[in-house]
Amino acid sequence: MKITVLTLFPEMFSALSSSILGRAQKEGKVCFEILNLRDYTEDKHLKCDDYPFGGGAGMVMMAQPIGSAIKAIDPEHKARRIYLSPKGETFRQQKVFELAECAHLILLCGHYEGVDQRAIDLYIDEEISIGDYVLTGGELPAMVLMDCVSRYAEGVLSPESLVQESFSENLLEYPQYTRPVEYEGLRVPDVLRSGNHAQIDRWRREQSVQLTRSNRPDLLGKEEL
């Protein structure tokens, strides 16, 4: 899997060199390509933004650097091109599964007051939002998407780690415990130490349903309990 990022602030993506994603890159399981849009601008001062037509606060990212970058890295439009935007479809687990099937993703990180609409109309396949709030730019949403999708690249995580987790069946994940058995007066539930795997599975299922009913009841309509 390859994920290409178009951004004005490539230094923000240094976090991807750490932990599981860092190891996955070193082992060749995923490839992250971080490109600076300033390398594609035709402006001699490396300018990538300008004032909005019609007036208003802030600046707007220009279409030319974006278009030039995408044409250079994906001339035959084989990649899935995504603009991280608060106007986009809300990012959910089903979309993660969908994007994980793509061999190449291109992520455009907006900034300032947004992106010239012509760049979106001409070069973007879809817009994705990570939630109903506004950030200073698309870099953090891009990293969220990269983390979510990369987990499903072959060899990044063990298959067992992906089976029973939050949202896998439209349910939140059950509580987890490790040593010691008792901590500040709270004990690990006895069933988890019983060795009875049928009872453990039943307990975990019940906990998942209870947590989902309490914290995310909107998910229960999709699940046959």
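Residues numbered from 1 in each chain as written. Predicted model: local features only at pLDDT ≥ 70, side-chain atom pairs only at ≥ 80, totals over all residues. Heavy atoms only, no water.

Taken together, the five strands give an open sheet; going across it, the order is β2-β1-β6-β5-β7, and neighbouring strands pair in parallel fashion. Only two strands of the sheet have a single neighbouring strand rather than two, namely β2 (31-36) and β7 (126-129). Each strand of the sheet is rotated relative to its neighbour by a mean of 35°, with strand direction disregarded. Its contacts with the sheet put helix α5 (residues 139-150) on β1 (2-7), β2, β5 (80-90), β6 (104-109) and β7, and the angle it makes with β6 is roughly 160°. (Pairing = 2+ DSSP bridges. Helix = DSSP H or I, 4+ residues; strand = E, 2+ residues; numbered from the N terminus. Axes fitted to C-alpha atoms, helices over the stretch in contact; angles between N-to-C directions. Contact = heavy atoms within 4.5 Å.)

One can find D74 in the loop between α2 (63-73) and β5. Within the structure, the side chain of D74 is placed 2.8 Å from the backbone nitrogen of K78, a separation counted as a polar contact. In contact with D74, not counting residues within four places along its chain, are A79, R81 and I106. (Polar contact = N/O pair within 3.5 Å; in protein donor to acceptor, adjacent residues only side chain to side chain.)

For the coordinates displayed, the defined rule picks out one aromatic pair. Judged by centre distance (5.3 Å) and plane angle (90°), the ring pair of F97 and Y152 falls under edge-to-face. Within this pair, whereas F97 is found in helix α3 (residues 93-100), its partner Y152 is found in the loop between α5 and α6 (159-163), the two being separated by 55 residues in sequence. (Phe/Tyr/Trp six-rings, centres within 6.5 Å; stacked < 30°, edge-to-face > 60°.)

The full count for this structure, using the stated rule, is twelve salt bridges. Notably, a salt bridge pairs D50 with K47, separated by 3.8 Å at the nearest N-O pair. Take D50: its relative accessible area is 34%, and that puts it in the partly exposed class. Linking R80 and E126 is a salt bridge whose minimum nitrogen-to-oxygen distance equals 2.8 Å. Of this pair, R80 sits in strand β5 while E126 sits in strand β7; the two residues are 46 residues apart in sequence, bridging distant segments of the chain. (Salt bridge = Lys/Arg side-chain N within 4 Å of Asp/Glu carboxyl O. Buried < 20%, exposed > 50% of the residue type's maximum accessible area, 1.4 Å probe, protein only.)

A word on the environment of M143. In this structure, M143 sits in helix α5. Classification of M143 as buried rests on a relative accessible area of 13%. C-alpha of M143 to C-alpha of F13: the two residues are 130 residues apart in sequence and 7.4 Å apart in space. Ignoring sequence-local partners within four residues, the contact set of M143 consists of M12, F13 and L16.

Attention now goes to the pairing of β1. Of all six residues making up β1, five are buried, and the element is well covered by its neighbours. Note that β1 and β2 share six bridges and pair parallel. Directly across from I3, in β2, lies its bridge partner F32. Of the crossover connections in this fold, the one passing from β1 over helix α1 (residues 19-26) to the parallel β2 is right-handed. As judged from the five bridges shared by β1 and β6, these two strands associate in the parallel manner. Bridging from a neighbouring strand, T4 pairs with I106 of β6. (Right-handed = clockwise from strand over helix to strand, strands pointing away.)

Judged by nonpolar contacts, the single largest core of 28 residues is most densely connected at L105, L107 and L145. Elements with a minimum of two residues in this core: β1, α1, β5, α3, β6 and α5. In terms of residue count, the dominant contributor to this core is α5 (five residues). Look past the residues within four positions of L107 in its chain and what remains in contact with it is I3, T4, V5, L6, I82, L84, A142, L145 and M146. If you look at the next biggest cluster of nonpolar residues, it comprises 18 residues, including L6, Y83, L108 and Y123. (Core = buried A, V, L, I, M, F, W, Y, C linked by side-chain atoms within 4.5 Å.)

A word on unusual backbone geometry. Omega for the bond connecting R179 with P180 falls within 30 degrees of zero, at 5°, which places this linkage in the cis form. Note that P180 resides in the loop between α6 and β8 (182-183). With phi around 65°, L46 is a residue other than glycine that occupies positive phi space. Note that L46 resides in the loop between β2 and β3 (49-50). Overall, L46 belongs to the partly exposed group, its relative accessible area being 44%. In the Ramachandran plot, Y112 falls in the positive-phi region, its phi being about 60° despite a non-glycine side chain. Here Y112 shows up in the loop between β6 and α4 (117-123).

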